[in-house]
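Now for the letters of each chain:
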Amino acid sequence: MTTQTVLALDTSTDMLCCAVVRMEIGTQPSITGGAVELLANHDHMCRRHANEELVNTSLAALDRVGLSMEDVDAVLVGRGPGSFTGVRIGIATAKGLSCGLGKPLYGTSTLDATAWTAWKAGVRGTLAVAMDAMRGEVYPGIYVLDNNGAHRTFASETVQKADACVSEWAGRADAAELVLSGNGLLKYRDKFVEAGLHEFVDEDLWFPTGHALALAASSVGDGGRVGAGDPALVLPVYTRLSDAEENERKRLGMNTPASVEVTGVADELADMHLQLRPMSVNDLDQVAELEAAAFADDVHEPWSRVLFEEELALPGRTWWVAHDMGTIVGFAGGVLAGDTLDVLDVVVAQNRRRQGIGGRLVQRLAYDGHVLGAQSMTLEVWQKNDAARSLYESMGFEQVGLRKDYYGAGNHALIMTATLPLVVASDATVPEPQASVRPWPPKHANRSDAASERIQAVSPLILAIESSCDETAMAVIDGRGRIVSNVVATQIDFHARFGGVVPEIASRKHTEAIVGVFEETMARAGQKLGVDTLVPADLAAVGVTAGPGLVGALVVGVAFAKGLCGAADLPLIAVNHLEGHLLANLFATPDLEPPFVASLVSGGNTMLVHVRGWGDYELLGATIDDAVGEAFDKVAKALGLGYPGGPVISRLSAKGNPRAIAFPRAMMHSGDYRFSLSGLKTAVITYIQGENKAGRAINLPDLAASFEAAVIDVQVSKAVRAIDETGAADFCVGGGVAANPKLREAYRSTFERRGVRVTVPPFAACGDNGAMIALAALRSYKAGLLCDLSLDAAPNAKLGSWTCELAPTVWDGEQDWLKR
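A.B. asks: Explanation requested: the overall build of the chain in the structure shown.
C.D. replies: Check the secondary structure of the chain and you find 22 helices and 29 strands. In terms of C-alpha radius of gyration, the chain reaches 28 Å, essentially the compact-globule figure of 28 Å for 820 residues. Each principal axis of the C-alpha distribution contributes one length, and for the chain these read about 80 × 70 × 60 Å. The proportion of buried residues among the 820 residues of the chain is 57%. Residue pairs in contact within the chain that sit at least 24 positions apart in sequence constitute 71% of those at least 6 positions apart. Surface summary for the chain: the accessible area is close to 31,300 Å², and the carbon and sulfur share equals 49%. Once the 70 positive and 98 negative side-chain charges of the chain are each reduced to a mean point, those two points are 4 Å apart.

Rendered as structure tokens:
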């Protein structure tokens, strides 16, 4: 092995660990550290400011010993356990550094690093480490420290109530020999003392260090490094699921895991690109095509597109699709029959079988069936399909009957049933990822001079990153304002069962997906420009959504962007998420110029803005409670229609009477531009409860249409007032709710009669995406509006933050990404 220069980082605790070391990854250190040579140490206490300081601290540590990022051979990061947000800051930054450098990323345990801190100080014997886990809990670990290093006596990190840990350790036969360490002692030291545990290492050894992190990583025999250098595989160790997931597991009858890396109910080891979500009418073409291919040689006729469309409109049905970057690779559906959910169809694409997709789909149906009141679940499987039979048996299905010749002469169908909820002890249906599934760093093909010239001709190329909510999105824009690539990884299936976005799950999923989205975005851009992939050196800058949004979600994108910029020496650009939605209108109307009035409507925002000039935004009014998208989601949840609520309510309303139910139009005549959706939401829920109590069936299309009309009437009324008062000749809409067909049509029909031009973004540009962030980033780059690497997420940022007066540059030709 060759000696490597390694940058070691950890932000899992209040100690920001940063060290530059030379080491041979995997070499057991001697008593003096031998194979791990400390070159520079910048460890310091840093409570709640790690995201602001980490990249600059890393650069300073390298500079102290006359090195730069170009001299780094590998990055090492602490994976936790610790503060969830703190762990993600370190890992997201390290992923960005690794991708920017094109160098390996390794991860190691923060708990182990704390033990190695004591070892490096000369502590020997049995060390008990208790790291603070909040909630009255600790991350416990017992180590044996000898002259060869710190050795675990446990398999994986866990979380434990502090009182239980005190009791357990005090009851050990070797309790008198235990020496205690860990930052959990800052809270619980007195409890340990009261239990008779009196031996502690010095308080300045209660935290990990960058040097200790490297020592822990060098101890391969004790489970030190992970990930085999691939940054996509380095994930946090949380030890527990989010609260929403823990409650969901209880409902599903699943065991709570002792240690957690990838999150998601029953999907812990899901592929980062594979997502599940409810089937919609937009999926029917792909679904019918997949169905026809799967049953091409079957004696039964495959379902037609018409049959699938009819199914979606019927009550008591549940249909899910599995898709990989938008391509549907599997689907399944079932119908409630009494207290049994009958599985109607399970199809997985031929090239994606034996990857656990069918099992995940069946688990989704099982959950929905349980919610609908089903006590059992029944399905049919070909007698000779050993793989499917094995899968279903592992999920608790048992054979209860036989249908002879069901699939043709001599081809019988087994009838299998299972009690709900399914009890899944582990995710055995999903293949365990291998330690290394690909070489890292990846090797790229040599470029021709012509290819390099093509890239240079469209420069500057800017990468834009969006992670403000539940979409991990990136795009590359060229100097002419053309979107070269645009990739969105959605988390809808992970939030669907909760009826809305769970912030902790969103943050975790961003951390898992961000490397894959980066690689896909750069590869697509490269292919568009005639090379296998772009590399960071091709970029002129990186733009990132810094706010507003969910703080934990924003942090991941910002940390990754800063790591990427710090590694590749690229300028950093902060972008306002709301301004991105506003600029998305330029994809429909490239010649749009202020002044104009814009309505920004999404799951988190409802506001009217007078755009007096680029960067000159006057907020006319905003919601005083729920946002429009949030109201749609909450009403859909009350009706059991799933998440997100907007598309399903829109689909139902198309068949309903908007005047059937007189829902209130709150604040429509308030004389100002404020909105209130909470009262309307409450009125709908009250109506639902009243009809249920009276035993009357609810006409869902009529209810959806009446609710939607109440929302639209207020939005349009206030927009008309704003146009009249400002005298603007243009009106625009931005945000996810801008995709609502009736809202779009209401604006057009109302304003066209008044001679006002209406612009709505293309459907592909309505939801959160990297392309809209790229437009803003390119403008800021041309204006020289750059940020320091101390940038942090700003969840409450106002429209107008990080903006400028320069007009955006947008391609006025065809944008290929809008065709998808």
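A.B. asks: What is the right way to read the packing of helix α17 (residues 628-638) against helix α19 (residues 678-694) from this model?
C.D. replies: Geometrically, a packed helix pair is captured by the angle between its two axes and the distance between the axes. Put simply, α17 and α19 touch, their axes get as near as 10 Å, and they point 10 degrees apart. With respect to α19, the axis of α17 lies roughly parallel. Where α17 approaches α19, its residues Lys634, Val635 and Ala638 are matched on the opposing element by Lys681, Val684, Ile685 and Ile688. A class-by-class count of the residues in the contact of α17 with α19 yields five nonpolar, no polar and two charged.

A.B. asks: What exactly am I supposed to notice about helix α6 (residues 210-218) here?
C.D. replies: The element α6 is extensively covered by neighbouring structure, given that nine of its nine residues are classed as buried. Residues Gly210, His211, Ala212, Leu213, Ala214, Leu215, Ala216, Ala217 and Ser218 constitute the buried set of α6. Lining the buried residues of α6 we find β1 (4-10), β2 (15-23), β3 (36-41), β5 (74-78), β6 (105-108) and α3 (110-120).

A.B. asks: Can you help me understand the nonpolar core in this one?
C.D. replies: Within soluble globular proteins, side chains that are nonpolar tend to cluster in buried spots. Counting 56 residues, the largest nonpolar core has Leu127, Trp169, Leu180 and Phe192 as its most contacted members. With residues near it in sequence (within four places) discarded, Leu180 still touches Leu127, Ala128, Trp169, Leu185, Phe192, Leu197, Glu199, Phe200, Val201 and Trp206.

A.B. asks: Explain the sheet that holds strand β25 (residues 596-601) to me, please; I cannot follow it from the model alone.
C.D. replies: Hydrogen bonds between backbone atoms are what pair the strands of a sheet, whose relative direction is either parallel or antiparallel. With mixed pairing, the five strands of this open sheet are ordered in space as β27-β26-β25-β28-β29. Sheet topology places β27 (616-622) and β29 (757-759) at the edges, where each strand pairs with a single neighbour. Within this sheet the neighbouring strands show an average axis-to-axis angle of 20 degrees, counted without direction. Bridge analysis of β25 against strand β26 (residues 606-613) gives six bridges, and the strand direction is antiparallel. Looking at β26, one finds that Ser599 is bridged to Leu608.

A.B. asks: Honestly, the sheet that holds strand β21 (residues 471-477) in this entry has me stumped. Any pointers?
C.D. replies: Reading across the sheet, the five strands line up as β22-β21-β20-β23-β24 and stay open at both edges, with mixed pairing between neighbours. Each having just a single partner strand, β22 (483-490) and β24 (572-576) make up the two edges of the open sheet. Averaged over all adjacent pairs, the angle separating strand axes in this sheet is 20 degrees, with direction ignored. Strands β20 (462-466), β21 and β22 of the sheet are contacted by helix α14 (residues 503-528), whose axis makes an angle of about 25 degrees with β21.

A.B. asks: Honestly, a negative patch on the surface in this entry has me stumped. Any pointers?
C.D. replies: A contiguous patch of negative charge on the surface is contributed by Glu70, Asp71, Asp73 and Asp569. As for its placement among the helices and strands, Asp71 is situated in the loop between α1 (50-64) and β5.

A.B. asks: Just to check I follow, could you spell out helix α4 (residues 162-170) for this structure?
C.D. replies: Owing to its 3.6 residues per turn, the α-helix brings residues three or four apart onto one side. Taken as a whole, α4 has its buried residues at Ala162, Cys165, Val166 and Trp169. Along α4, the residues classed as buried sweep out an arc of 100 degrees about the axis, all on the same side. Opposite the buried face of α4, by more than 90 degrees, sit the exposed residues Asp163 and Ser167. Elements that come into contact with the buried residues of α4 comprise β7 (125-132), β8 (137-146), β10 (160-161), β11 (179-181) and α5 (185-194).

A.B. asks: How should the packing of α1 against helix α2 (residues 84-101) be read in this particular structure?
C.D. replies: Remark: α1 packs on α2, axes separated minimally by 10 Å, with the N-to-C direction vectors making an angle of 35 degrees. The way α1 lies across α2 gives a crossing that is right-handed. On the side of α1, the interface is formed by Ala50, Asn51, Leu54 and Val55, while α2 contributes Ile89, Gly90 and Thr93. Residues of the contact of α1 with α2, tallied by class, amount to four nonpolar, three polar and no charged.

A.B. asks: Would you explain the pairing of strand β23 (residues 541-547) in this entry?
C.D. replies: For a regular strand, side-chain orientation follows a simple rule: the groups alternate between the two sheet faces. With seven of seven residues buried, β23 is to be regarded as a mostly interior element. Relative to β23, β20 is paired through four bridges, and the arrangement is parallel. In the sheet register, Ile465 faces β23, and the bridge partner there is Val544. Pairing analysis gives five bridges linking β23 to β24, with the strands arranged parallel. Bridge pairing in β24 links Val544 to Ala574. For the segment spanning β23, helix α15 (residues 551-568) and β24, crossover handedness is right-handed.

A.B. asks: I tried to follow the environment of His444 on my own but got confused; where do I start?
C.D. replies: Take His444: it is sitting in the loop between β19 (413-419) and α12 (449-457). The spacing of His444 and Pro761 is 317 residues in sequence and 36 Å in space, taken between C-alpha atoms. When residues no more than four places from it in sequence are discounted, the contact partners of His444 are Asp532, Thr533 and Val535.

A.B. asks: Please explain the pairing of β19 as it appears in this structure.
C.D. replies: Counting buried positions along β19 gives five out of seven residues, so the element sits mostly inside the fold. Where strand β18 (residues 398-403) and β19 come together, five bridges link them in antiparallel fashion. Within β19, the residue paired with Gly401 across the bridge is Ile415.

A.B. asks: Before we go on, may I ask you to explain the environment of Thr126 in this structure?
C.D. replies: Along the chain, Thr126 turns up in strand β7. Each C-alpha atom, one on Thr126 and one on Ala175, is 9.4 Å from the other, the two residues being 49 residues apart in sequence.

A.B. asks: How should the packing of aromatic side chains be read in this particular structure?
C.D. replies: Two measures describe an aromatic ring pair: the distance that separates the ring centres and the angle between the ring planes. Under the defined criterion, the tally for this structure stands at 17 aromatic pairs. Ring centres of Trp303 and Phe308 lie 5.3 Å apart, and the angle between their planes is 40 degrees; on these two criteria the pair is classed as tilted. On the accessibility criterion, Trp303 (23% relative accessible area) is partly exposed. On the basis of an interplanar angle of 35 degrees and a centroid distance of 4.9 Å, the ring pair of Phe731 and Phe751 is categorised as tilted. With Phe731 in strand β28 (residues 730-734) and Phe751 in helix α21 (residues 741-752), the pair connects residues that are 20 residues apart, well separated along the chain. Under the relative-accessibility criterion, Phe751 is labelled buried at 0%. Taken together, the ring pairs connect Trp303, Phe308, Trp319 and Phe331 into an aromatic cluster. The ring centre of Trp320 lies 5.3 Å from the NZ or CZ of Arg364, which sits over that ring. Against the face of Tyr238 rests Arg508, its NZ or CZ located 3.8 Å from the ring centre.

A.B. asks: Could you clarify how one ought to interpret the pattern of salt bridges in this entry?
C.D. replies: Note that side chains of opposite charge can pair when their charged atoms are close. Using the criterion set out here, one finds 35 salt bridges in the structure. A salt bridge links Glu137 to Arg240, with the nearest nitrogen and oxygen atoms 2.2 Å apart. In this pair, Glu137 is assigned in strand β8 and Arg240 in the loop between β12 (226-229) and α7 (243-252), connecting sequence segments 103 residues apart. Judged by relative accessible area, Arg240 falls into the buried class, the value being 6%. The salt bridge partner of Glu579 is Arg779, with a shortest N-O separation of 2.4 Å. You can see Glu579 sitting in helix α16 (residues 577-583) and its partner Arg779 sitting in helix α22 (residues 770-783), a full 200 residues away along the chain. With a relative accessible area of 1%, Glu579 lands in the buried category. Taken together, the shared-partner salt bridges in this structure form one network comprising Asp626, Glu630, Lys634 and Lys681.

About the thresholds
- Sequence order sets the numbering: in each chain, residues are counted from 1 along the sequence as written.
- At least 70 in pLDDT is required for a residue's local features to be given in this predicted model, at least 80 for side-chain atom pairs to be given and counted, and no such filter applies to totals for whole chains, interfaces and linings, which use all residues.
- The side-chain numbers reported here are obtained from all heavy atoms of the structure, hydrogens and water having been left aside.
- Helix and strand assignments come from DSSP, with helices taken as H or I runs of at least 4 residues and strands as E runs of at least 2, each series counted from the N terminus.
- Note on method: radius of gyration uses C-alpha positions; expected globular size equals 2.2 Å times residues raised to 0.38.
- Each residue gets one of three labels from its accessible area relative to the maximum for its type: buried under 20%, exposed over 50%, partly exposed in between, using a 1.4 Å probe on protein chains only.
- Two residues qualify as a contact provided that any one of their heavy atoms is within 4.5 Å of a heavy atom in the partner residue.
- Each accessible area value is a Shrake-Rupley result obtained with a 1.4 Å probe; residue values ignore everything except the protein chains displayed when judging cover.
- Charge counting treats Lys and Arg as positive and Asp and Glu as negative, with His and both chain ends excluded.
- To locate a charge, take atom NZ for lysine, CZ for arginine, CG for aspartate or CD for glutamate.
- Working convention: axes come from line fits to C-alpha atoms, limited for helices to the stretch in contact. Angles between N-to-C directions cover 0 to 180 degrees.
- The scheme is simple: roughly parallel for angles under 35 degrees, roughly antiparallel for over 145, roughly perpendicular for 65 to 115, oblique for anything else.
- Ten residues, namely Ala, Val, Leu, Ile, Met, Phe, Trp, Tyr, Cys and Pro, are considered nonpolar, four, namely Asp, Glu, Lys and Arg, are considered charged, and the remaining ones, Gly among them, are considered polar.
- As used in this record, nonpolar core signifies buried Ala, Val, Leu, Ile, Met, Phe, Trp, Tyr and Cys residues forming a set joined through side-chain atoms within 4.5 Å.
- Whether two strands pair depends on DSSP finding at least two bridges between them.
- Here the term patch refers to residues with relative accessible area over 30% and no salt bridge, with like charges joined within 9 Å and nonpolar side chains (Val, Leu, Ile, Met, Phe, Trp, Tyr) within 5 Å.
- Whenever Lys or Arg places a side-chain nitrogen within 4 Å of a carboxyl oxygen from Asp or Glu, that contact is recorded as a salt bridge.
- An arc is given here, and it is the one of the directions from the helix axis to the C-beta atoms.
- A crossing counts as left-handed when the near helix is turned anticlockwise from the far one by less than a right angle, and as right-handed when that turn is clockwise.
- We call a crossover right-handed when, viewed with both strands directed away from the observer, the connection leading from the first strand over the helix to the second proceeds clockwise.
- Each Phe, Tyr or Trp ring, with Trp reduced to its six-membered ring, pairs with another whose centre is within 6.5 Å; inter-plane angles below 30 degrees give stacked pairs, above 60 give edge-to-face pairs, and intermediate values give tilted ones.
- Should the NZ of a Lys or the CZ of an Arg lie within 6 Å of a ring centre and within 35 degrees of the ring normal, that charge is described as sitting over the ring.

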